[in-house]
Amino acid sequence: MSGDGLNGTPLTGDFANGGVSFWYRQIGEPDRRAALPGPREYDVAIVGGGYTGLWTAYYLKKADPGLRIAILEREFAGFGASGRNGGWLSAEFAGSRERHAAARGRQAMIDLQHAMFSAVDEVIEVARAEGVDADVRKGGLVHVATNPAQDRRLRAELEDLRTWGFAEHDMRLLSRSEREDRIRVAGAISATYSPHCARIQPAKLAVGLARAVAALGVDVFEGTTVTEIRPREAGGKGGAAAVTDRGTVSAEYVIRATEGFTASIKGQHRQWLPMNSSMIVTEPLPAQVWDEIGWRERELLGDEAHAYCYVQRTADDRIAIGGRGVPYRFGSRTDERGATQPRTVAALRQIMVTLFPATAGARIQHSWCGVLGVPRDWCSTVHLDHTTGLGWAGGYVGSGVTTTNLAGRTLRDLVLRRETELTALPWVGRRVRQWEPEPLRWLGVQAIYTLFRAADRHEGARSARTSAYARLANLISGR
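If you're wondering where the values come from, they're calculated on a predicted model, not measured in any experiment.

## Regarding the pattern of salt bridges
So, point 1. As enumerated under the stated definition, the model contains 27 salt bridges in all.
So, point 2. Arginine 155 is paired through a salt bridge with aspartate 151; the nearest N and O atoms lie 2.8 Å apart. Pair noted here: arginine 155 and aspartate 151 are both in helix α5 (residues 148-162), with a separation of four residues, about one helical turn.
So, point 3. When its relative accessible area of 13% is taken as the criterion, aspartate 151 is described as buried.
So, point 4. Of the charged contacts, one joins glutamate 168 and arginine 162 as a salt bridge, the two residues approaching to 3.0 Å between their closest N and O atoms.
So, point 5. Owing to a relative accessible area of 49%, glutamate 168 belongs among the partly exposed residues under this scheme.
So, point 6. Here the residues in one salt-bridge network are Arg97, Glu157 and Asp160, joined through shared partners.

What follows is the structure, encoded as structure tokens:
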């Protein structure tokens, strides 16, 4: 494919749409590991070879080298969101702070936020210690407002965060000169900055972490599809089990770490909704473009739109930008090919050019998509039931790069029956009701994102306050 296409979107001669992600196109897909050779017994079986499963195995094996641990992965470790995301190693945590505080008190939610601050540095330190070169650059995070309604939300959010443990050094409002010195965004009215964020190359982290886990003696089985997870027998006898297409794995504990693919497991169809997110990446941009934009510190960038975007400057001077495309497919289906609709590619490119007019001539080199897990209350959770032997973590709603690390360390403590500061955090043990059956689920999600897009158009055109469309969307979503 070459020349112009996708409704006028400039493409490079080697444009690719679909596959796993640009991140894997850049480094090459890893060699596949062997599949499960048949029925086996372990102390801990982890279903899913993404960040959650890998971090859980890593910390468990470090804490108790004698544990027999297996990871069961349908494709290859890092195939899903772990290798497709926007590369935000961010301290942002999904869900309502008030809901988490209701579980164990306001201070517990503040403790959770501080744990997220620490988790950013924990990931960076483990990557360094394990020799994982993931293009890490801790330049912080900038959120920008480009119309009066967004500006009001940004300032209100900052004021609210002050009550949740965010000090001035954790997040602050940038002056105009500071904002322009960092990243020059067209039409920016205001912006906040937090140092608690680093850019990463997601696939490099996933591949490196999988290599480190395997080196510790964890059995990583790929090409192995788990179809069902079974609890221990009544009374807590025997082991839990992961039923696969290559035999059943029995274990003292079975941990579900499947995030956006959870609906593929028997009995889990309505647990977490697989929300689709799409990305594009440009060709490497010339020095004169960067002279106009700035962005020397490689901060991560997000906006205050309701249908928000997330952006990074890559190690090789591209812009990678993501956002919602087709947000949800009927029946919790997922598009494993990773192809992105032409209109989504065009929309993401338009957002990029609006933010950075200097990129108008930049060509798009790759587009892809993936799914993330969304609980019904939009709040992440981690849990382990010692009676059934079943545990899980996820529902990160797009904030999983850092949260998976916190989940892995928390699951370690839960499996080892340790009472720690991590196991006391308010996201531990949350129970969330299921999503509605179809077609209500599909209709609801379509309505939510139609309203969010309408709200963005309304605010951009004439409203200085958050649009009523957005308030209605939040009411339907249950956020």
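## Remarks on the packing of helix α2 (residues 51-63) against helix α7 (residues 202-215)
So, point 1. Relative orientation of the contacting elements α2 and α7 amounts to 35 degrees, with a least axis distance of 10 Å. Crossing handedness for the pair α2 and α7: left-handed. Across the interface between the two elements, Tyr51, Leu54, Trp55, Ala57 and Tyr58 of α2 pack against Pro202, Leu205, Ala206, Leu209, Ala210 and Val213 of α7.
So, point 2. Broken down by class, the residue content of the contact of α2 with α7 amounts to eleven nonpolar, no polar and no charged.

## Some remarks on a nonpolar patch on the surface
So, point 1. Nonpolar side chains collect at one region of the surface, where Phe330, Leu440, Trp442 and Leu443 lie side by side and expose about 390 Å² of accessible area between them.
So, point 2. The topology assignment puts phenylalanine 330 in the loop between β17 (319-323) and α9 (342-355).
So, point 3. Take phenylalanine 330: its relative accessible area is 40%, and that puts it in the partly exposed class.

## Some details on the packing of aromatic side chains
So, point 1. What the rule picks out here adds up to 14 aromatic pairs.
So, point 2. Plain terms: the ring middles of tyrosine 42 and phenylalanine 221 are 6.5 Å apart, the flat faces sit at 70 degrees to each other, and that makes the pair edge-to-face. Placement of tyrosine 42 in strand β3 (residues 40-47) and of phenylalanine 221 in strand β10 (residues 219-221) is noted, with a sequence separation of 179 residues between them. Of the two residues examined, tyrosine 42 and phenylalanine 221, each falls in the buried class.
So, point 3. For the pair tyrosine 449 and phenylalanine 452, a centre-to-centre distance of 5.6 Å together with 80 degrees between the ring planes defines the contact as edge-to-face.

## Observations concerning the pairing of β17
So, point 1. Judged by how many residues are buried, β17 sits mostly within the fold: five of five residues are covered.
So, point 2. The pairing of strand β14 (residues 273-282) with β17 spans four bridges and is classified as antiparallel. Within β17, the residue paired with methionine 279 across the bridge is glycine 322.
So, point 3. In this structure, strand β16 (residues 309-313) lies alongside β17, joined through five bridges in antiparallel fashion. What sits directly across from valine 311, in β17, is isoleucine 321.
So, point 4. Hairpin geometry of β16 and β17 is characterised by an intervening segment of five residues between the two adjacent antiparallel strands and by a positive phi of about 65 degrees at aspartate 317.

## Regarding the nonpolar core
So, point 1. Ile46, Trp55, Ile69, Ile71, Val213, Leu406 and Trp427 are the most contacted members of the largest nonpolar core, which has 78 residues in total.
So, point 2. Each residue touching leucine 406, except ones within four places of it in the same chain, is listed here: Leu112, Ala115, Met116, Leu422, Leu425 and Trp427.

What counts and what doesn't
Residues numbered from 1 in each chain as written. Predicted model: local features only at pLDDT ≥ 70, side-chain atom pairs only at ≥ 80, totals over all residues. Heavy atoms only, no water. Salt bridge = Lys/Arg side-chain N within 4 Å of Asp/Glu carboxyl O. Helix = DSSP H or I, 4+ residues; strand = E, 2+ residues; numbered from the N terminus. Buried < 20%, exposed > 50% of the residue type's maximum accessible area, 1.4 Å probe, protein only. Axes fitted to C-alpha atoms, helices over the stretch in contact; angles between N-to-C directions. Left-handed = near helix turned anticlockwise from the far one by under 90°. Contact = heavy atoms within 4.5 Å. Nonpolar A, V, L, I, M, F, W, Y, C, P; charged D, E, K, R; others polar. Patch = residues over 30% accessible without salt bridge, like charges linked within 9 Å, V, L, I, M, F, W, Y side chains within 5 Å. Areas by Shrake-Rupley, 256 points an atom, 1.4 Å probe, with all protein chains shown as cover. Phe/Tyr/Trp six-rings, centres within 6.5 Å; stacked < 30°, edge-to-face > 60°. Pairing = 2+ DSSP bridges. Core = buried A, V, L, I, M, F, W, Y, C linked by side-chain atoms within 4.5 Å.

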